[in-house]
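# Notes for the structure review
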Amino acid sequence: MTDTEAVLLELTKEPKIAYFSMEIGVHNDIPTYSGGLGVLAGDTIRSSADLKLPLVAVTLLTKKGYFTQDINESGWQVEHPTLWDPAQYMQLLAPRTTVQIGGKDVHVQAWLYNVQSLTGGNIPVFFLDTDIPANSPEDREITSSLYGGDLAYRLKQEIVLGIGGVRILHEMGFEIKKFHMNEGHASLLTLELLNRFKKPIEDVWDEKLVWDKRSVTNLCVFTTHTPVEAGHDKFPYDLVARVMGEIIPISTLQELAGKDNLNLTKLALNLSRYINGVAKKHGEVSKSMFPGYEIHAITNGVHSFTWTSDYFKRLYDEYLPGWANEPEVFVRVGRIPDERLWKAHMEAKNHLVGYIREQTGVEFSPDILTLGFARRATAYKRADLLFRDLDRLERMGSGKLQIVYAGKAHPKDDPGKKLIQNIIQYKERLKGRINIVYLKNYNMDISLKIVSGVDIWMNTPLRPLEASGTSGMKATHNGVMNFSVLDGWWIEGHIEGFTGWSIGPPPNELTPGADADVRDSEDLYNKLEYIILPMYYNDRHTWIRMMQNAIGKNAYYFNTHRMMRRYVTEAYIR
Ligand SMILES: *Cc1c(COP(=O)(O)O)cnc(C)c1O
């Protein structure tokens, strides 16, 4: 028996939950993630490893990664492929499978990456790869770049992920008791399952019943992440016919996935026993988008150990032993003396200040109130809202405020790139009065440095477009308060003046008003000027109380350990 055969024999001993995600951030330097969705998938797997859950994960290898970000002299983002070597981190497995694309067989292989926990738990992640000599040069590129290419390219990737994923798990000998689709990208897996549960035709009188939907539905769990209709993957049926062929009869497919287009979200909704949104509000928004479906909500979390800086890890180890595998222990955060909490924060802040100096040459001061904003650069996140009234910002912030930005725009998202360019122009305009930096190549390592090293974490999405958001949860693990629009998770985590501050009105309406920018920026300026700046400089005692609350109320709850326990009890064992 070869090494990998022995590994697979061990892994396939008991039935598993198979977690499918187009992107997974398992490791900072494995560039198979673009943002929140992939980092959430990674955190899901890390908590599952800690909790020793019987789970395996499936994703694509994306050998050219998402991309490496450069910003040219005019402030415009330029992309380069991120080349990396899977063999440095992963083990190529022997079992292979094929999927049919454009009428041809495309061979698919898998690389194994183990996410290992200090508890002894281990979750295997299978990275699917079509870069095999037996495939045509074009097909070898199918698993090259994350969210790259055109609609046909995307469909091919989703065939490899969904259909190829189910087949290769089968080839490896797994018995799967639940398929969890993290977003609609993976939902073609349901078609493969329908084929597997096909009943012999002579058993039934109605041809449609050949498709045993109930057996498939019982196996599937679907988490939707996208609160806008336009964000869901849809493919015209002529493209589907050309690329995927007729995996199941087109009339059945139309019944399940939409009359005019193959809508992957609809397909997943129609074939999943358990469906959920990623925060309570997002659950409601999803219900109104998809009437007639029972949609639950399990609010996202972050992996506590991954998203806590070394400085806070040491502090927690001393005062809250066991916190990493039982984040509920944060309830006793009051045991940490104020001066120790502040000292750990200043260490994290100094670390960020050093990183900023090294990357940009700009000298930040550890004694100045520092705001952080880092996430995908895309229009609805309104990264430039803070600059709506430049004079006012300058008046209140001169010498008293500094700001760190980071984030990539999708290569085809020109409005997102424009946002980056705007911020870089504002940075020049405010130079010498308010220091601002835009850090390149936002990734998990940089994220941890920023969320732990700033004083305030800011988020300004246009409601209701932030399904959950997770970076704010990372901040709370480091005693950093949120100052954000009441959308996504923050609706559940926010207690005004206690865990942080809101921006704009309470989240009562489902669609934003036309005056949202004016209204939200007014509130942002008022709170910054009259509440946050004065408290930071004049009332350190209350400030540190709020840092404690961020940990004891927010980090306590918004972690993937709590989230996974809920997936197990509410979705997986049903
Ligand atoms: C956490 C994280 C995100 C998600 O940030 P949001 O504010 O929730 O959108 C995106 N990218 C990276 C690299 C992250 O670490």
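Residues numbered from 1 in each chain as written. Predicted model: local features only at pLDDT ≥ 70, side-chain atom pairs only at ≥ 80, totals over all residues. Heavy atoms only, no water.

### As for the nonpolar core
As a reminder of what qualifies: The criterion is simple. A nonpolar core is a set of buried Ala, Val, Leu, Ile, Met, Phe, Trp, Tyr and Cys residues joined through side-chain atoms within 4.5 Å. Three labels apply to residues, based on accessible area from a 1.4 Å probe with only protein chains included: buried if under 20% of the type maximum, exposed if over 50%, partly exposed otherwise in between. In DSSP terms, a helix is any run of H or I states spanning at least four residues, a strand is any run of E spanning at least two, and both are numbered starting from the N terminus.
In terms of nonpolar packing, the biggest core is built from 67 residues, with Phe-20, Phe-126, Phe-179, Leu-188 and Leu-262 touching the most fellow members. In terms of residue count, helix 4 (residues 151-172) provides more of this core than any other element does, 10 residues in total. Counting 60 residues, the second-largest nonpolar core is a separate cluster that includes Ile-403, Met-481, Ile-503 and Tyr-525.

### Brief notes about the layout of surface pockets
Counted only if it meets this: Using a grid of 1 Å spacing that covers the protein atoms alone, one calls a set of points a cavity when a 1.4 Å probe fits there but cannot get out, and a pocket when the set is open and has protein on both sides within 12 Å along at least five of seven lines; lining residues are those with an atom within 4 Å of a point. Grid points are joined across faces, edges and corners, and a volume is the space filled by probe spheres set on the points. Classes in brief: Ala, Val, Leu, Ile, Met, Phe, Trp, Tyr, Cys and Pro nonpolar; Asp, Glu, Lys and Arg charged; the others, Gly included, polar. Each domain's extent was defined by an automatic or database domain assignment.
If you add up the space inside the second largest pocket, you get close to 700 Å³. Lining the second largest pocket are 31 residues, and of these Arg-46, His-303, Phe-305, Thr-306 and Lys-313 lie nearest its centre. Residue assignment for the lining of the second largest pocket shows that the elements contributing at least two residues are helix 2 (36-50), strand 7 (104-116), helix 11 (310-319), helix 12 (338-360) and helix 15 (444-453). Each residue belonging to the lining of the second largest pocket can be placed in one class, and the counts come to 12 nonpolar, 13 polar and 6 charged. Shared between two domains, the lining of the second largest pocket holds at least three residues of each, these being domain 1 (3-272) and domain 2 (310-563).

### Points about the pattern of salt bridges
Pairing between side chains becomes possible if they bear opposite charge and their charged atoms approach one another. Heads up, the condition is: A pair is scored as a salt bridge if a Lys or Arg side-chain nitrogen falls within 4 Å of a carboxyl oxygen belonging to Asp or Glu.
Summed over all chains, the structure comprises 36 salt bridges. Here Lys-64 and Glu-141 are joined by a salt bridge, their closest N and O atoms 3.1 Å apart. One end of the pair, Lys-64, is in the loop between strand 2 (55-60) and strand 3 (68-71); the other, Glu-141, is in the loop between helix 3 (137-140) and helix 4, with 77 residues separating them in the sequence. A salt bridge links Lys-156 to Glu-138; the shortest N-O distance between them is 3.1 Å. Highlighted residues: Lys-156 in helix 4 and Glu-138 in helix 3, separated in sequence by 18 residues. Given the relative accessible area of 53%, Glu-138 is considered exposed. In the salt-bridge network here, residues are joined through shared partners; they are Lys-63, Asp-129, Asp-131 and Arg-140.

### Points about unusual backbone geometry
Glycine aside, residues mostly have negative phi, and peptide bonds are mostly found in the trans state. Note that the residue after Arg-463, namely Pro-464, is joined by a cis bond; omega there is 0°. Within the secondary structure layout, Pro-464 lies in the loop between strand 18 (456-459) and helix 16 (471-476). Phi angles above zero are rare outside glycine, and Tyr-147 is one such case at about 55°. Position of Tyr-147 among the secondary structure elements: in the loop between helix 3 and helix 4. Here the phi dihedral of Glu-183 falls at roughly 80°; this positive angle occurs in a residue that is not glycine. Considering the arrangement of structural elements, one finds Glu-183 in the loop between strand 9 (176-182) and helix 5 (189-196).

### Brief notes about the environment of Gln-116
Cut-off, in case you're wondering: In what follows, a contact means two residues having at least one pair of non-hydrogen atoms within 4.5 Å.
Note on placement: Gln-116 falls in strand 7. Looking at Gln-116, the relative accessible area reads 61%, which means it is exposed. A sequence separation of 316 residues divides Gln-116 from Gly-432, and the C-alpha atoms of the two residues are 47 Å apart. Aside from chain neighbours lying at most four places away, what touches Gln-116 is Gly-121 and Asn-122.

### Topic: helix 13 (residues 390-397)
Our working definition: By arc we mean the arc of the directions from the helix axis to the C-beta atoms, nothing more.
Among the residues of helix 13, Leu-390, Arg-392, Leu-393, Met-396 and Gly-397 are the ones counted as buried. Seen from one end, helix 13 has its buried residues packed into an arc of 165°, which puts them on one side. Across helix 13 from its buried face, at more than 90 degrees, point the exposed residues Asp-391 and Arg-395. For helix 13, the secondary structure elements touched by its buried residues are strand 16 (401-406), helix 14 (414-430) and helix 18 (516-538). Residue Gly-399 follows helix 13 closely and has a positive phi angle near 75°.

### Here we look at the site of the ligand
Here is the rule we go by: A single heavy atom is enough: if one lies within 4 Å of a molecule or strand, its residue is considered near that molecule or strand. In protein, a polar contact means a hydrogen-donor-capable atom and an acceptor-capable atom, both N or O and within 3.5 Å, with residues adjacent in sequence counting only if both atoms are side-chain atoms; elsewhere, any N or O pair within 3.5 Å suffices.
The full set close to the ligand counts 14 residues, and Arg-375, Lys-381, Thr-470, Ser-471 and Lys-474 are the nearest of them. Here an oxygen atom of the ligand sits 2.7 Å away from a polar atom, N or O, in the side chain of Lys-381. Ser-471 is positioned such that a nitrogen or oxygen atom in its side chain is 2.5 Å from an oxygen atom of the ligand. Sorting the residues of the shell around the ligand by element identifies helix 2, helix 15 and helix 16 as the ones contributing at least two each. When the residues that make up the shell around the ligand are grouped by side-chain class, the tally is 4 nonpolar, 7 polar and 3 charged. Each of domain 1 (3-272) and domain 2 (310-563) accounts for three or more of the residues forming the shell around the ligand.

### Structural notes on the side chain of Thr-265
With respect to the helices, strands and loops of the structure, Thr-265 is situated in helix 9 (residues 264-270). For Thr-265, a relative accessible area of 2% translates into the label buried. At 2.5 Å, the side chain of Thr-265 forms a polar contact with the side chain of His-232. Those residues in contact with Thr-265, other than ones at most four positions away along the chain, are Phe-222, His-232 and Phe-290.

### Here's the deal with the pairing of strand 3
Spelled out, the test is: Paired strands, in this sense, are two strands between which DSSP finds at least two bridges.
Side chains of strand 3 alternate between two faces, with Gln-69 and Ile-71 buried and Thr-68 and Asp-70 left unburied. Bridging between strand 3 and strand 4 (residues 77-80) involves 4 bridges; their strand directions are antiparallel. Note that in strand 4 the partner of Gln-69 across the bridge is Glu-79. Linking two consecutive strands that pair antiparallel, namely strand 3 and strand 4, is a turn of 5 residues; a positive phi of about 80° is found at Gly-75 within it.

### Re helix 18
Because each turn of an α-helix spans 3.6 residues, side chains separated by three or four positions end up pointing in the same direction. The criterion, for reference: Expected helix span is given by 1.5 Å per residue-to-residue step, counting one fewer step than there are residues.
With 23 residues, helix 18 extends 31 Å from end C-alpha to end C-alpha; this agrees with the ideal 33 Å at 1.5 Å per step. Of the positions making up helix 18, those classed as buried are Ala-516, Asp-520, Ser-521, Asp-523, Leu-524, Tyr-525, Lys-527, Leu-528, Ile-532, Leu-533, Met-535 and Tyr-536.

### Focus: the environment of Val-221
Looking at the element boundaries, Val-221 is found in strand 10 (residues 220-223). For Val-221, a relative accessible area of 0% translates into the label buried. Sequence-wise, Val-221 and Thr-97 are 124 residues apart; in three dimensions their C-alpha atoms are separated by 24 Å.

### Notes on the sheet that holds strand 15 (residues 369-374)
Definition in use: A fitted line through C-alpha atoms represents every axis, and for helices the fit uses only the stretch in contact; the resulting angles, taken between N-to-C directions, go from 0 to 180 degrees.
If you trace the 6 strands from one edge of the open sheet to the other, you get 17-16-15-18-19-20, paired in parallel fashion. Each having just a single partner strand, strand 17 (435-439) and strand 20 (500-503) make up the two edges of the open sheet. On average, each strand axis in the sheet is tilted by 20° relative to the strand beside it, whichever way the strands run. Pairing of strand 15 with strand 16 involves 6 bridges; the strand directions are parallel.

Worth remembering: the numbers are spatial, not functional.
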